[in-house]
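# Overview (structure and organization)
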Protein chains: 2
Amino acid sequence: MAVGRPRGFDTDQALERALKVFWRKGYEGTTLPDLTEAMDINRPSLYAAFGNKEALFRKVLDRYADGPAAYVREALEEPTARRVAERLLLGAVDLVTNPRHPGGCLAVHGALACGDEAQSIRRELIARRVKREAALRQRFQRAKSEGDLSASASPADLARYITTIVQGLAVQAASGASRNELQRVAKTALRAWPK
Amino acid sequence: MAVGRPRGFDTDQALERALKVFWRKGYEGTTLPDLTEAMDINRPSLYAAFGNKEALFRKVLDRYADGPAAYVREALEEPTARRVAERLLLGAVDLVTNPRHPGGCLAVHGALACGDEAQSIRRELIARRVKREAALRQRFQRAKSEGDLSASASPADLARYITTIVQGLAVQAASGASRNELQRVAKTALRAWPK
DNA sequence: GGTGTTCTGTACCGGACGGTAAATATATCG
DNA sequence: CGATATATTTACCGTCCGGTACAGAACACC
């Protein structure tokens, strides 16, 4: 066991609570009192354990990707491009309308537009979105070489199309759309899938 | 002419400059110094002419709807549902990737997630998004009765689908997608349109 | 040319922001 | 039992926030 006074709170639980707050209020809209109250720790403890507000948000982002948004990686492992697309869309609907979550997508509305101080977080979120789209494009490329995606289809176009819908779903959920409504959007979107 | 000292600036031009700032930084991310500097007026003049930050933002929203986003109303006047959808999608692409604009859509990322102080603005934006979708649904309903939209099509589903894509386009543009890329997204999306 | 009215400029308000110094409490190690 | 190391607590820092009081400047009216 480590020397010194042991930590009086569970960092994992604290991170989970911070995630919920950032998810609901975005990066800029979340204040340190918001965080310390939700995490039930005081400010110096937060700084000692997580660095600062920005570092905490990045840790929260990783947790988000490994937890609520883990469906993305799972979707990429589906056997066919069509099923990848289906799973991505329906997984997104589940995520953004899950009543146990704050609603919407942390990665989309965490810092879409923001002041100068949050620009670095904004860029980080953009980078993650771009990276996710790239992974999807590569998956569709592979599908093409494997023959389950038509030779005339464009992996880049399809990846961008699916990504666009997923992001649109996040905005819709933030505007109050229901799970059922968004499932129908996903279904409609899939009608555009190449034969 | 009105009595008293005349205003030393053009309110229309000032509003236009405020629009650009809010568009780029969102409601919360925009500070009063950001505004007064861009508008080239001092703070008491801003308050005398526009009320306060929130009232200014609402005026900016109206200007946005009547200016850059006026394509929405025009789109609704297209003769067929299919052409309404086309015009809406391509108009959105033009708007969110117009190099003369800040990029993205003010109504989408103005206040998607925010702190307690901005909740009233967030609700206002949600209300406007919902209203716009309702107008589109009614237009598709009309199209159905006029016969240019298949009897089996769902106006509600289609309206939500198109709205979702438009909002996704805004996020894509904020992530750096090019006009050409998003035009291809719009084209792909239209493949889902009912025969 | 005074007078009333409105706008501009400066300087300021209380409060909230993100972040930290310093003292105290609680553990392990010798 | 010290001695050492880490965590918590309280209290505070400078800065920026949105909003405004007040005095002076520029016009219309009589």
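Above this text is the structure in question.
Here goes a summary of the coordinates provided.

### Considerations on the overall build of chain A
Counting its regular elements, chain A contains 10 helices and zero strands. Walking chain A from its N terminus toward its C terminus, one meets helices and strands in the order α-α-α-α-α-α-α-α-α-α. Taken along its principal axes, the extent of the C-alpha atoms in chain A is 60 × 40 × 30 Å. Out of the 195 residues belonging to chain A, those deemed buried represent 41%. Taking the intrachain contacts of chain A between residues at least 6 apart in sequence as the baseline, contacts between residues at least 24 apart amount to 63%.

### Here we look at the relation of the copies chain B and chain A
At an RMSD of 0.0 Å, chain B and chain A line up after a rotation of 180 degrees and a shift of 0.0 Å along the axis. Expressed as an axis order, the relation between the two copies is that of a two-fold axis. A high fraction, 100%, of the interface residues of chain B reappear at the interface in chain A, so the copies pair face to face through one surface.

### A closer look at the protein's contact with DNA strand D
For DNA strand D, the set of nearby residues contains 25 residues, the closest of which are Gly4(A), Arg5(A), Gly8(A), Arg5(B) and Thr31(B). Counting residues per element, the ones that place at least two in the surface near DNA strand D are α3 (43-50) of chain A together with α2 (32-39) and α3 (43-50) of chain B. In terms of residue count, the dominant contributor to the surface near DNA strand D is α3(A) (four residues). By residue class, the composition of the surface near DNA strand D is 12 nonpolar, seven polar and six charged.

### So, the protein's contact with DNA strand C
In the vicinity of DNA strand C lie 24 residues, with Arg5(A), Gly4(B), Arg5(B), Gly8(B) and Ser45(B) positioned nearest. Among the elements that make up the surface near DNA strand C, the one with the highest residue count is α3(B) (four residues). Along the lines of polarity and charge, the residues of the surface near DNA strand C split into 11 nonpolar, seven polar and six charged.

### Section: the interface of chain B and chain A
Counting residues at the interface gives 38 residues for chain B, matched by 38 residues for chain A. Those elements giving two or more residues to the side of chain B that touches chain A turn out to be α1 (11-29), α7 (106-109), α8 (119-146), α9 (155-174) and α10 (179-190) of chain B. Ranked by the residues each element gives to the side of chain B that touches chain A, the list is headed by α9(B), at 11 residues. Residues that form the side of chain B that touches chain A fall into these classes: 15 nonpolar, 14 polar and nine charged.

### Regarding the environment of Pro33(A)
All names here are of chain A. Turning to its location among the elements, Pro-33 is positioned in helix α2 (residues 32-39). Accessibility expressed as a C-beta count within 10 Å gives 9 for Pro-33, which makes it exposed. Residues Pro-33 and Lys-59, 26 residues apart in the sequence, show an inter-C-alpha distance of 18 Å.

### Things to note about the nonpolar core
Core analysis: the largest hydrophobic core is formed by 114 residues, its most contacted members being Leu89(A), Ile162(A), Leu169(A), Leu89(B), Ile162(B) and Leu169(B). Beyond its immediate sequence surroundings of up to four residues, Ile162(A) is in contact with Ala85(A), Leu88(A), Leu89(A) and Leu136(A).

### Overview of the packing of α1(B) against helix α4 (residues 53-66) of chain B
Residues and elements named next belong to chain B. Between α1 and α4, the least distance of the axes is 9 Å, while the angle of their chain directions is 100 degrees. Between α1 and α4, the interaxial angle falls into the category roughly perpendicular. Between α1 and α4, the contacting residues are Leu-15, Ala-18, Leu-19, Phe-22 and Tyr-27 on the first element and Leu-56, Phe-57, Lys-59, Val-60, Arg-63 and Tyr-64 on the second. Tallied by class, residues from the contact of α1 with α4 come to nine nonpolar, no polar and two charged.

Parameters at a glance
- Residues numbered from 1 in each chain as written.
- Chains lettered and ligands numbered in written order.
- Predicted model: local features only at pLDDT ≥ 70, side-chain atom pairs only at ≥ 80, totals over all residues.
- Helix = DSSP H or I, 4+ residues; strand = E, 2+ residues; numbered from the N terminus.
- Buried ≥ 20, exposed ≤ 12 C-beta atoms within 10 Å, placed from the backbone.
- Contact = placed C-beta atoms within 7 Å.
- Least-squares fit on C-alpha atoms with pLDDT ≥ 70 in both.
- Near = placed C-beta within 6 Å.
- Nonpolar A, V, L, I, M, F, W, Y, C, P; charged D, E, K, R; others polar.
- Core = buried A, V, L, I, M, F, W, Y, C linked by C-beta atoms within 7 Å.
- Axes fitted to C-alpha atoms, helices over the stretch in contact; angles between N-to-C directions.
- Parallel < 35°, antiparallel > 145°, perpendicular 65-115°, else oblique.

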